[in-house]
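# Chain and residue survey
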Amino acid sequence: MKKLRNFFRGTYLGLMLIFLYAPILVLMVFSFNGSKSMARWAGFSFKWYEALMHDSTIMNALIVTLSVAVISALVATFIGTFAAIGIHSMKKRPRAVVENISRLPMVNPDLVTGISFMMLFAAMGIKGSYTRMLIAHITFNIPYVIFSVMPKLRQSSNLLYEAAMDLGCTPIMAILKVVIPDIMPGIVSGFVLAFTLSLDDFVVSWFATDGIQNLHLRHCPSRHKPQDKRPLYHNVRNRRSPSGIHKPQEHKRGAGRGDPAQKAQYHAVIIPTTDFK
């Protein structure tokens, strides 16, 4: 019975992994398909990757995405690791307060975080789009690193640090030579999580930056295609009412059938323009 239970438990886990990763595997395989359609296989080809390499706009967006993800993950891992060590060394009540505060960015909606960064950068006068994106990604990655490192610190013993100090290590040497190697799995998981979140982010980058594009912003039409914001009937002549509200010019039934001037005015009011791009 125990073997049967273990078999079904392993089978269930395998089915879940297949369900999660099979679509990604299919996309990876069909990225080498010579056909535009995924309905048929037209042979192994690198032409889509060649087209990607020759598209300077996408390549620039890819460089921005990867550079921001790597730099923000490294900086957030450094800051988050030492922040977690400091939080862990606090007394119980202050530690609980600081931990709860550090988790607030994780539960905030991305929309709130993005608008907050936009208002902060506008108030501080920070102009560089790349710098703004980098600061935003570092900031929202730090709580996730702290969240990843704290469980390893709880599993670790405080006696290791004290023993290193008794053996002649300075506080910095004790942290670098004893504490950090002991919590390295949590640090690595925090770095991977921060890197993944930076690659996946869209909303915060949308609000925090202006003029620079990562891959997500590159594929958002309103960022690289100018939109015509004119209304559909933008040639309608408006007049101001006594109350100050703009109202479209009224026309009577049968207008434009007699006098040529009336007819021209009628068509100017009724017929929408079609010179949209």
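Please read all numbers here as calculations on a predicted model, not as lab measurements.

## Digging into the packing of aromatic side chains
Scanning the model with the defined rule gives 9 aromatic pairs in all. Taken together, a centroid distance of 5.1 Å and an interplanar angle of 90 degrees make the contact between Phe44 and Phe46 edge-to-face. An aromatic cluster of three or more residues is present, and its members are Phe32, Phe44, Phe46 and Tyr49.

## Focus on the layout of surface pockets
Of the volumes computed, that of the largest pocket is approximately 320 Å³. What lines the largest pocket is a set of 15 residues, and nearest its centre among them are His88, Ser89, Asn158, Tyr161 and Val179. Elements represented by at least two residues in the lining of the largest pocket include exactly helix 3 (56-88), helix 8 (158-166) and helix 9 (171-182). Here the residues of the lining of the largest pocket sort into 8 nonpolar, 5 polar and 2 charged. In this model, the second largest pocket occupies a volume close to 270 Å³. Residue lining of the second largest pocket: Tyr49, Leu52, Met53, Met59 and Leu62, and that is the complete set. Every element with two or more residues in the lining of the second largest pocket is listed here: helix 2 (47-53) and helix 3. At 3 residues, the largest contribution of residues to the lining of the second largest pocket is made by helix 2. Its residues placed into classes, the lining of the second largest pocket shows 5 nonpolar, no polar and no charged.

Procedures and definitions
- Residues numbered from 1 in each chain as written.
- Predicted model: local features only at pLDDT ≥ 70, side-chain atom pairs only at ≥ 80, totals over all residues.
- Heavy atoms only, no water.
- Phe/Tyr/Trp six-rings, centres within 6.5 Å; stacked < 30°, edge-to-face > 60°.
- 1 Å grid on protein atoms, 1.4 Å probe; cavity = no way out; pocket = protein on both sides within 12 Å on 5 of 7 lines; lining within 4 Å.
- Points joined across faces, edges and corners; volume = space filled by probe spheres on them.
- Helix = DSSP H or I, 4+ residues; strand = E, 2+ residues; numbered from the N terminus.
- Nonpolar A, V, L, I, M, F, W, Y, C, P; charged D, E, K, R; others polar.

Everything listed is a geometric property; what it means functionally is a separate question.
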